[in-house]
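Understanding the architecture of this molecule
Below, each chain spelled out in residue letters.
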Amino acid sequence: MTTRTGRRGAVQGGIGESTLRPDGIPKLRGEFMYAQDMHVDGMLWGATTRSPHPHARIVSIDVAPALAIAGVHAVLTQEDVPGPGHFGLEHPDQPVLAGEVVRYWGEPVAIVAAEDEDTARRAAAAVVVEYEELEPLIDPEQADARDEVFRRMKIRRGDQDARGSVVVEGYYEVGMQDQAPLGTEAGLAVPDGSGGVDLYATSQFVHVDQQQVVAALGLRPEQVRAHPVGIGGAFGAREDVNLHIHLCMLALYTGKPVKMVYHRGESFTGHVHRHPARMWYRHEADEKGRLVRVEAKIVVDGGAYASTTAAVLANACYFAVGPYRCDSVAVDGVGARTNNPPCGAMRGFGAVQACFGYESQMDRLAAELGMDPLELRRRNALATGDRLATTGQLIETPLPVVEVIDSLAAMPLLVDEPESPGDLPGGSGLTTEPHQVRRGIGYALSIKNLGFSEGFDDYAQARVRLTEEGAIVETAAIEVGQGLVNVLAQIARSALGVSRAEVRHVDTSRIDSAGSTSASRQTQLSGGATHKAARRLRERILERYEGDDLDDEGVWRGGLLVVRWGELVEESWEETVTFRHPPTEAPDENGQGKMHADFAVAGHRAVVGVDPELGLVRVLRVDTAQDVGRALNPESIRGQIEGGIMQGVGLAVMEELVLEGGRIRNATFTDYLLPTILDAPDVEAILVEQDGSWGPFGAKGVGEPPTISSTPAVVAAIRNATGKALNRVPVRPQDIALEEVSH
Amino acid sequence: MEVIHPRDLDEALAAVAEGMTPLAGGTDLMVEVNYGHKRPERVVALRRLTDIADFESTRIGAGVRWRRIEREGPRALAQAARTVGSPQIRNAGTIGGNVATASPAGDGLPFLAAVDASVELTSTGGTRLLRWDDYFVGVKQTARRPDELVTAVVLPDGLPERQEFAKVGVRNAMVIATVCCVVTRWDDGTTTVALGSVAPTPMRARRAEEMISSERSPGEAALAEFARLVSEEVQPITDHRSTEEYRRHAAGVLARRLLERCLRREAA
Amino acid sequence: MILTFRLNGEEVHARVDYPASLLDVLRHQLGAPGSKDACEQGECGSCSVLLDGELVCSCLVMAGDAEGSEVITVEGVATEGGLHPVQEAMNRAGAVQCGFCTPGFVVAAVDLFDRKPHPSTEEIKEALAGNICRCTGYGAIIRAFEELAGREVR
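On a predicted model such as this, the values are computed, not experimentally measured, just so you know. (Residues numbered from 1 in each chain as written. Chains lettered and ligands numbered in written order. Predicted model: local features only at pLDDT ≥ 70, side-chain atom pairs only at ≥ 80, totals over all residues.)

**Quick look at the overall build of chain B**
Counting its secondary structure elements, chain B contains 11 helices and 13 strands. Over its C-alpha trace chain B gives a radius of gyration of 19 Å, about what one expects of a compact globule, namely 18 Å for 268 residues. For chain B, the spread of C-alpha atoms along the three principal axes comes to 60 × 40 × 30 Å. The 268 residues of chain B split such that 60% are buried. Of the contacts formed within chain B by residues at least 6 apart in sequence, a portion of 62% connects residues at least 24 apart. (Helix = DSSP H or I, 4+ residues; strand = E, 2+ residues; numbered from the N terminus. Rg over C-alpha atoms; globule rule 2.2 N^0.38 Å. Buried ≥ 20, exposed ≤ 12 C-beta atoms within 10 Å, placed from the backbone. Contact = placed C-beta atoms within 7 Å.)

**Examining the overall build of chain A**
Within chain A, the secondary structure is distributed over 18 helices and 31 strands. Taking 2.2 N^0.38 as the reference for a compact globule, 743 residues should give roughly 27 Å; the C-alpha atoms of chain A span a radius of gyration of 26 Å, in line with that estimate. Each principal axis of the C-alpha distribution contributes one length, and for chain A these read about 80 × 75 × 55 Å. Expressed as a percentage of its 743 residues, the buried residues of chain A come to 65%.

**Focus on the domain arrangement of chain A**
Reports of interface size often rely on the accessible area that becomes lost once the parts have come together. Residue and element names in this part refer to chain A. Parsing chain A into structural domains produces domain 1 (24-31 + 459-580), domain 2 (35-135 + 180-270) and domain 3 (277-452 + 589-737). For domain 1 and domain 3, the distance between their C-alpha centroids amounts to 36 Å. Counting residues at the interface gives 16 residues for domain 1, matched by 19 residues for domain 3. Broken down by secondary-structure element, the contributors of at least two residues to the side of domain 1 that touches domain 3 are helix 12 (484-496) and helix 13 (522-545). For the side of domain 1 that touches domain 3, the element with the most residues is helix 13, which contributes six residues. Here the side of domain 1 that touches domain 3 is built from residues that sort into four nonpolar, 11 polar and one charged. (Domains from an automatic or database assignment. Nonpolar A, V, L, I, M, F, W, Y, C, P; charged D, E, K, R; others polar.)

**Observations regarding unusual backbone geometry**
A:Val729 connects to A:Pro730 through a cis peptide bond whose omega is -5°. A positive phi angle, close to 50°, is found at A:Glu546, a residue other than glycine. The exposure class assigned to A:Glu546 is exposed, which follows from the 10 C-beta atoms found within 10 Å. In the Ramachandran plot, C:Asp52 falls in the positive-phi region, its phi being about 50° despite a non-glycine side chain. Within the fold, C:Asp52 resides in the loop between strand 3 (48-51) and strand 4 (54-57).

**Some words on the sheet that holds strand 22 (residues 549-551) of chain A**
Residue and element names in this part refer to chain A. Taken in spatial order, the three strands of this open sheet run 22-23-24, and their pairing is antiparallel. Looking along the sheet, the strands with just one partner apiece sit at the ends: strand 22 and strand 24 (560-564). This sheet shows a mean twist of 30° between the axes of neighbouring strands, independent of strand direction. The sheet contact formed by strand 22 and strand 23 (residues 554-557) spans three bridges and is antiparallel. Bridge assignment links Leu550 to a residue of strand 23, and that residue is Val555. (Pairing = 2+ DSSP bridges. Axes fitted to C-alpha atoms, helices over the stretch in contact; angles between N-to-C directions.)

**Observations regarding the interface of chain A and chain C**
Residue-level contacts link 49 residues of chain A with 42 residues of chain C. At the level of secondary structure, the elements contributing two or more residues to the side of chain A that touches chain C comprise helix 1 (24-28) and helix 15 (634-653) of chain A. A class-by-class count of the residues in the side of chain A that touches chain C yields 18 nonpolar, 19 polar and 12 charged.

**Concerning the sheet that holds strand 15 (residues 277-285) of chain A**
All names here are of chain A. With mixed pairing, the six strands of this open sheet are ordered in space as 9-17-16-15-10-31. Two strands bound the open sheet, and with one partner strand each, they are strand 9 (149-157) and strand 31 (728-729). Across the face of the sheet, helix 8 (residues 309-318) comes into contact with strand 9, strand 15, strand 16 (291-301) and strand 17 (329-336) while running at roughly 25° to strand 9.

**Examining the interface of chain B and chain C**
Across the contact, 26 residues belong to chain B and 26 residues belong to chain C. Broken down by element, the residue count for the side of chain B that touches chain C peaks at five residues, all from helix 5 (residues 87-92) of chain B. In the side of chain B that touches chain C, the residues fall into 15 nonpolar, eight polar and three charged.

**Describing the packing of helix 2 (residues 85-93) of chain C against helix 5 (residues 139-148) of chain C**
Two numbers describe a pair of packed helices, the interaxial angle and the distance between the axes. All names here are of chain C. Two elements in contact, helix 2 and helix 5, have axes whose closest approach is 8 Å; the angle formed by their N-to-C orientations is 130°. Comparing their axes, helix 5 and helix 2 come out oblique. The interaxial crossing formed by helix 2 with helix 5 has right-handed handedness. For the pair helix 2 and helix 5, contact is made by Pro85, Val86, Ala89, Met90, Arg92 and Ala93 and by Ala140, Ile141, Arg143, Ala144, Phe145, Glu147 and Leu148, respectively. In the contact of helix 2 with helix 5, the residues fall into 10 nonpolar, no polar and three charged. (Parallel < 35°, antiparallel > 145°, perpendicular 65-115°, else oblique. Left-handed = near helix turned anticlockwise from the far one by under 90°.)

**As for helix 10 (residues 220-233) of chain B**
Residue and element names in this part refer to chain B. Helix length check: helix 10 (14 residues) gives 20 Å between terminal C-alpha atoms against 20 Å at 1.5 Å per residue, within 8%. Within helix 10, burial applies to Phe226, Ala227, Leu229, Val230, Ser231 and Glu233. In the core, the buried residues of helix 10 are packed alongside strand 12 (191-196), helix 9 (206-213) and helix 11 (244-267). (Expected span 1.5 Å × (residues − 1).)

**Considerations on helix 6 (residues 244-254) of chain A**
Residue and element names in this part refer to chain A. By the criterion of burial, helix 6 is predominantly enclosed, with nine of the 11 residues buried. All of the buried residues in helix 6 are His244, Ile245, His246, Leu247, Cys248, Met249, Leu250, Ala251 and Leu252. Trailing helix 6 by a residue or two, Gly255 shows a phi angle of about 75°, which is positive.

Shown next as structure tokens:
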């Protein structure tokens, strides 16, 4: 009999460790299977015919020329859609294929299936569509005036007549950012031979894909199974359906597996973008800098279809004041419907746009008061026990705003002298010499909700079962690259006391929803479900064998191994848990209520070098302090922070889809610029840990906060270097080099 | 689909004369192919054609790649080479390809304009040498006949003692030029200024050149006037990459800075 | 046309009926999907391969132009069952997230370290400036190769 003495230590590979991700090696060897890489014998390739106009009436569609191409198996239009034919994440307002009218540039009009990709593309191009062009509505304010809106928000809190002695007003704009995940949209649909279909496609939320396929095509739920697959990033771009319903239609029509992969240019029209925003702000404070009143109007451009515009707008409005106290607030919001490309989820989800507005205002206020910008923020810092300025919600979980500010203020400012062109604005273009560079420093803070809000029944299911090899966590939660496959296994190990655990993805027919991999929610939600399931399993096992410990070897009692692992798993041990976060509610008519389940704050300090004459910027450092609850995998969090900051920097200085008359002018990687390794700032991060969130072991979601305040911090630093007002992101060279100095 | 690999230049010229599409590094043509804009069915691949890959002092074979020019080219052309795409692109892309494509934003082209280089065009009928300003005709339009290949870029004997290149782009690497500029200056003060991305073809700012060439040690007023003239002479447009106004401004700033660099090196 | 070249040391054949890229042929005909297709225009480096020893974007190589060439892809970098030191370093440093850019970084870094076993941080960045990563912000990638180069890691 095995005996042991001494206390059991922390389980190997458990929470708090920076375990290496299990999919790292296959990804490094090129062996990891992405949606783009799937292949089954006899499969066809799909392609899409898209509208070249942002707004037009479809006069006629002639599919004959496409069908005439050898190797083409199907050309389908709206008339071929078997069911109700509409989809949408919040409202099913988008046709699977445009019927009478196209409402945005690139809207799908026909789909084809052919024997190879090249033939499919040629066939898609051969479909002849006659359009009668209509005037596109491209200005969101005009849409507001015409009442073309997806949602209006009204928030009124406190004494509406409150007035402060120091007033700053400002107008701000955020351009249209793209998630630009490196893997484009891709998928494979395989008909099951009895009217159903298995879908393997890029996704952040397979259950909601499945529901939309079922609803749009008039199928029964059990006929469609959506499978999680490997995807090359997401950042919000995979929350909405795009090629999913098309693939299922083509597979069911042809009776063959059909694969489709969007090329980059198509991807830019095939998924939703970050909402461009226009924001008018008025902040009033007393002489000591305490906020007395904040007024804001926020207009976001939702584009042609609803997607998640209503929720994005709500978020922008709920976080319109930021992580600050204020008892008199008025916010009006408009989610405009236009003929621009549809906008939806992107990392930060509405909080990004508002943050650029309120943090720009806080800096203006600090300047007006002659106060240090961090001190102004400290004086207004929201804390647990306060009420959110906009909604009046009592903050019940830890909210370390002051701790984040103090951490940032205490971080040493380490900026190396430029050693090579890469450290200078203009980089290898050799535009700028060190004496032409002005340095600037800027700060910004942010707040973001974690999980879904406004009364949405937000839950995640996970199953933990034991096998010969250890514990298996089954889930439909999507790994987008963030490390879900790491952290769920870590949680299971710590909760079970067993070092062998791995995550397996299962399809929609075998487990209930894990919800979306978005809103920074999976560590808390799927992690919460995994934690609970693993803990219950451990309790049941210990109870059953009257044990006092469970580990890799088996069940222990009084220092003796009473049941070996091998024996233990001869019996079936599994536990399935559906985890819900604390309930939230819909807002009242003044936008008041408990709309959010949890919050996270972050702060950023950016250091930039600017060539003011040419308007070129090199972001040198972005240091950060972030509220993480509890760090379950510190290196993974560092990866989220560095990557999130890079996207925030991208929005600050280069990333924008440029529209002209509703058409995207730069739908390529040549012209939609993503930061390169020579644009990457150095990052130092402090993880602020505080116990008390409802997430597993007190963890909070960490994915979005890095992307929110990094943008205004960079812009603040550019303002600091140049004295320019800069009310728009991305900041373009001409905004720095040509505009008048305003203050 | 047919791709041939000619053993020598004559074979390549015969293929082009027959109407085959020349393919050099592929960095321009394959973008067009991948995006469905071009679909050549008969291609003559020049990548391994050593006949046009020599780099002698004043004659740069069309097949010479940017990676090599980065190391071995004259100063300003090497600086320009360093900004062509990425390491991957510079390993594949050639100077002949840059010249044949004739994009207004071609990074290597302002240097050719600045030093009055010529483009060597060869067909089965023979060879002709066209000065750069006779060769570049418009946006992606040149005087090359379909039966001709760009076989070399020919530099004049003796290059300016001072020459500097710079390029404005919104990102620190791998970026299309918003404006790029070459300034050269001889010991006798003769100055040339050539620019890219500010006109349908690479261009020279002749009035600015004339003004500054007579200044042996230009002071602030002359430098400012020089920049102003450059800004005035360029003919940029507003597009999704930038605005006309910014391009004018940046052209002047770049030209002045590069001239100042030349003057500093002259003084040193 | 029927195309013949050496892929990761073995002779392979493919049929090309249109001006497909080498990347297309690798991914769709030769069962080598490790090289990734992310932009089709040489602006992301995800499809990086070594063509006759030179680092190039396989999306910009016309397949027919690879006739008779030697092509090394990410699948040909590792030893049997093991990892190339470049892969080891990236794994240890947590330089992989979604992984879509990873094969391109691996091939570009193999090319760098073959040419220069102890590059400076600046040389590392220069060599990888043609590879876009959307997830990591590059921090872990830089740390991985600084460590491999025997340099002080930030």
